[in-house]
Amino acid sequence: MEVWNLFCCCCRHEEEPEKSPLISETLLYFDREMKRKRAEEANLWNEPHDPSHTERDDDRELYNLLHRRAKTRRGSEGYRRLSFDIGALRQVRKDMKDRWRIILDNLGFSNEADALLTVTSNTPYKSLKNPSEALRLLTALSHESRIFEQHTSPPERYIFVLDRLILLDVGEQFVSMAKQYYPLSSEEPNERELDTDLIAVLVSTGLEGTEPKETDEEEAQEMDEESFMVNLME
């Protein structure tokens, strides 16, 4: 009898550890959250606090393309066409961000540029220290320079960037350099005023963006975006 009880105890002891699904669900949750934040940090949206992503025309266009691609079979011709259109829209935003980065580099903030330019939906309005002044500078940039795409209102996300620059006491200087580098009367940036290294960066960036390449990194990012869009649709 004692041997039987011992055997039963051993069986019960071996059957107990069935709590791994809880751990797996927790890991899946954090994995989804990480992918969601990575997708947001990829500068997908110009209006970070618009949960519908449809208030701005360009945000709505990008949202609809991502929505359609999320429901399209990967590898199909339709999927590739949608990826090309998405890449073209995102390249416009990347070019805009690169213009900001070049000026930040010339202001001596090359190491801090990524942090200064990062805005997500978790960045609260209450964090703004000088919202009215940041809005004034944003309007000046829109009306007196070509740092933004023409025929569109300036993206709201850059209010946060300008607020950070105001705190660093370089807000007015940034606007002045933007007018100098990207004047309204010129079709191209005033490259004579840019450093040679920075011009090389511009050229290489432009060449890389001419044709989307199906690299492992881009495929991983596409999967992150698809997961992000699936979560939005749910």
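1. Brief notes about the overall build of the protein
Thinking step 1. Broken down by element type, the protein carries 10 helices and 0 strands.
Thinking step 2. Listing every helix and strand of the protein by position from the N terminus yields α-α-α-α-α-α-α-α-α-α.
Thinking step 3. When each of the 234 residues of the protein is scored for burial, the buried share is 36%.
Thinking step 4. For the protein, the share of sequence-separated contacts (at least 6 apart) that also reach a separation of at least 24 residues comes to 74%.
Thinking step 5. In the structure as shown, the protein presents an accessible area of about 14,700 Å², 52% of it carried by carbon and sulfur atoms.

2. Observations regarding the packing of helix α4 (residues 77-106) against helix α7 (residues 157-167)
Thinking step 1. Two elements in contact, α4 and α7, have axes whose closest approach is 13 Å; the angle formed by their N-to-C orientations is 5°. Judged by the inter-axis angle, α4 sits roughly parallel to α7. Along its contact with α4, which presents M96, K97, W100 and L104, the element α7 presents Y158, V161, L162 and L165.
Thinking step 2. Residue classes in the contact of α4 with α7 are distributed as 7 nonpolar, no polar and 1 charged.

3. A look at the confidence of the model for the protein
Thinking step 1. On average, residues of the protein score 78 in pLDDT, and 67% of them reach the 70 mark or higher.
Thinking step 2. Ranking the elements of the protein by mean pLDDT puts helix α9 (residues 196-208) last, at 34, and helix α8 (residues 171-181) first, at 97.
Thinking step 3. This stretch, residues 189-214, has a pLDDT under 50; its non-local contacts, to residues over four places away or in other chains, come to 27 contacts.

4. A short note on the environment of T120
Thinking step 1. As for its placement among the helices and strands, T120 is situated in the loop between α5 (113-117) and α6 (131-144).
Thinking step 2. Given a relative accessible area of 12%, T120 falls into the buried group.
Thinking step 3. Expressed as a C-alpha distance, the spacing of T120 and N46, which sit 74 residues apart in the sequence, is 9.7 Å.

5. Re unusual backbone geometry
Thinking step 1. The backbone of H53 sits at a positive phi, close to 55°, despite the residue not being glycine.
Thinking step 2. Mapped onto the elements, H53 comes out in the loop between α2 (20-41) and α3 (57-70).

6. Brief notes about the packing of α6 against α7
Thinking step 1. Here α6 crosses α7 at 115°, and the two axes come no closer than 8 Å. Relative to α7, the element α6 is oriented roughly perpendicular. Classified by chirality, the crossing of α7 by α6 is right-handed. Between α6 and α7, the contacting residues are P131, E133, A134, L135, L137, L138 and L141 on the first element and Y158, I159, L162, D163 and I166 on the second.
Thinking step 2. Across the contact of α6 with α7, the residue classes tally to 10 nonpolar, no polar and 2 charged.

The rules behind each value
- Residues numbered from 1 in each chain as written.
- Predicted model: local features only at pLDDT ≥ 70, side-chain atom pairs only at ≥ 80, totals over all residues.
- Heavy atoms only, no water.
- Helix = DSSP H or I, 4+ residues; strand = E, 2+ residues; numbered from the N terminus.
- Buried < 20%, exposed > 50% of the residue type's maximum accessible area, 1.4 Å probe, protein only.
- Contact = heavy atoms within 4.5 Å.
- Areas by Shrake-Rupley, 256 points an atom, 1.4 Å probe, with all protein chains shown as cover.
- Axes fitted to C-alpha atoms, helices over the stretch in contact; angles between N-to-C directions.
- Parallel < 35°, antiparallel > 145°, perpendicular 65-115°, else oblique.
- Nonpolar A, V, L, I, M, F, W, Y, C, P; charged D, E, K, R; others polar.
- pLDDT = per-residue confidence, 0-100.
- Left-handed = near helix turned anticlockwise from the far one by under 90°.

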